[in-house]
Amino acid sequence: MASVSDIVNYCNQFLAVDLYHDYAPNGLQVEGVGEVTTLISGVTASQALIEAAVERGAEALLVHHGYFWKSESPVIVGMKRRRIEKLLRHGINLIAYHLPLDGHNSIGNNARLAQLWGFKVKRRFGDGGNGGLGMIATLPEAITVEALHRHISDTLGREALLCHGGDRLVREVAWCSGGAQEWFGAAIAAGADAFISGEISEPVFHMAREEGVHYLGAGHHATERYGVEALGQQLAQQFSLQHTFVDIDNPI
């Protein structure tokens, strides 16, 4: 058993939240009971994930995508009311970490993707804090983008969408999890032959073709499953908690 304040203070320090320029609050977002024995982790604090936490008797829910984004309405109505009401009724603490859980050097989403793909991080790029959230690796030898596409799709268990940048071979690979398609230009400027992110938007197709740099849209959810699970496992070890990562499948 551990206190919620001890868990949150540990996460805040470990993830160095002050290094990031985020657009959602990091840490405790909805307060529940004061002590935690069972922790559920997942990507997004959806109704389905909350129901899973209730079913497992969890006192805390750890997520990457929480609530209270700067771009959303502050009123608590409809879907948001139903979610928060369920948390409060069952005394479940909602703990969320966004950019700090993308950019952490060892358990962040991008670092975990590097481990999954067998990439050795050479440098960072982009903004968001901590020297940039995006990462770049140099492959041991140049490969075709088709080989890269197959490797990414197989390891994530999801077919990535490929926008060809011509016949260019891939040696320098850049990536940033989630909705980082707007960083394609920064990846190109950083010397990437291919850029991998979660989401993809209409202009990306034309940019890939005209700049001669490949783009792989590998899924927002698929690229952000790993950091929150790793953090949950670490908290379980640090505080002797029961922990389960619940993957609410999402094709986006």
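Report follows, based on the coordinates.

Criteria and cut-off values
Residues numbered from 1 in each chain as written. Predicted model: local features only at pLDDT ≥ 70, side-chain atom pairs only at ≥ 80, totals over all residues. Heavy atoms only, no water. Helix = DSSP H or I, 4+ residues; strand = E, 2+ residues; numbered from the N terminus. Rg over C-alpha atoms; globule rule 2.2 N^0.38 Å. Buried < 20%, exposed > 50% of the residue type's maximum accessible area, 1.4 Å probe, protein only. Contact = heavy atoms within 4.5 Å. Pairing = 2+ DSSP bridges. Axes fitted to C-alpha atoms, helices over the stretch in contact; angles between N-to-C directions. Salt bridge = Lys/Arg side-chain N within 4 Å of Asp/Glu carboxyl O. Parallel < 35°, antiparallel > 145°, perpendicular 65-115°, else oblique. Nonpolar A, V, L, I, M, F, W, Y, C, P; charged D, E, K, R; others polar. Arc of directions from axis to C-beta.

Looking only at helices and strands, the chain features ten helices and 13 strands. Computed over its C-alpha atoms, the radius of gyration of the chain comes to 19 Å, within 12% of the 18 Å expected for a compact globule of 252 residues. Its C-alpha atoms give the chain principal-axis dimensions of about 55 × 35 × 30 Å. Split into buried and exposed, the 252 residues of the chain put 54% on the buried side. Across the chain, every contact between residues at least 6 apart in sequence was considered, and the portion connecting residues at least 24 apart equals 67%.

Here the focus is the sheet that holds strand S11 (residues 194–197). Across the sheet, which stays open at both edges, the six strands sit in the order S7-S8-S10-S11-S12-S9 with mixed pairing between neighbours. The strands lining the two open edges of the sheet, one partner per strand, are strand S7 (121–125) and strand S9 (161–163). Taking the axes of each pair of neighbouring strands and ignoring which way they run, one obtains an average angle of 25 degrees across the sheet. Two elements, strand S8 (residues 134–143) and strand S10 (residues 170–176), share five bridges in a ladder whose sense is antiparallel. Following the sheet pairing, Met135 is matched in S10 by Trp175.

What follows deals with the pattern of salt bridges. Opposite charge on two side chains permits pairing when their charged atoms draw close. A complete count under the given rule lists ten salt bridges for this structure. Of the charged contacts, one joins Arg89 and Glu85 as a salt bridge, the two residues approaching to 3.7 Å between their closest N and O atoms. With a gap of four residues between them, Arg89 and Glu85 both fall in helix H3 (residues 78–89), about one helical turn apart. Residue Arg89 is classed as exposed on the basis of its relative accessible area of 53%. Put simply, Glu159 and Arg150 hold a salt bridge, and the shortest N to O gap is 3.1 Å.

Think of a sheet as strands paired side by side through backbone hydrogen bonds, with each pair either parallel or antiparallel. As summarised here, the arrangement of the five strands in space is S2-S6-S5-S4-S13, forming an open sheet in which the pairing is mixed. Among the strands making up the open sheet, the edge pair consists of strand S2 (27–30) and strand S13 (242–245). On average, adjacent strands in this sheet sit at an angle of 30 degrees to one another, irrespective of strand direction. By the bridge criterion, three bridges tie S2 to strand S6 (residues 93–96) in an arrangement that is antiparallel. Across the sheet, residue Gly27 finds its bridge partner in S6, namely Ala96. The sheet contacts of helix H2 (residues 47–55) involve strand S4 (38–44) and strand S5 (60–65), and relative to S4 the element is tilted by about 170 degrees.

All right, on to the packing of helix H5 (residues 109–117) against helix H6 (residues 145–156) then. Between H5 and H6, the least distance of the axes is 10 Å, while the angle of their chain directions is 110 degrees. With respect to H6, the element H5 is oriented roughly perpendicular. Side by side, H5 and H6 meet where Leu113, Leu116 and Trp117 of the first sit next to His151, Ile152, Thr155 and Leu156 of the second. A class-by-class count of the residues in the contact of H5 with H6 yields five nonpolar, two polar and no charged.

Turning to H2, its buried residues are Leu49, Ile50, Ala52 and Ala53. Down the axis of H2, the smallest arc covering the buried residues is 155 degrees, so these residues share one side. Phi for Gly57, located one or two positions after H2, is positive at around 70 degrees.

Before going further, it helps to spend a moment on the environment of Gln233. Position of Gln233 among the secondary structure elements: in helix H10 (residues 226–239). According to the relative accessible area criterion, Gln233 is partly exposed, its value standing at 38%. Separated by 41 residues in the primary sequence, Gln233 and Ala192 have C-alpha atoms spaced 33 Å apart.

This part is about the packing of H2 against H3. It is the contact of H2 with H3, at a shortest axis distance of 10 Å, that shows an interaxial angle of 10 degrees. For the element pair H2 / H3, the angle class is roughly parallel. On H3, the residues touching Gln47, Ile50, Glu51 and Val54 of H2 are Arg82, Arg83, Lys86 and Leu87. Across the contact of H2 with H3, the residue classes break down as three nonpolar, one polar and four charged.

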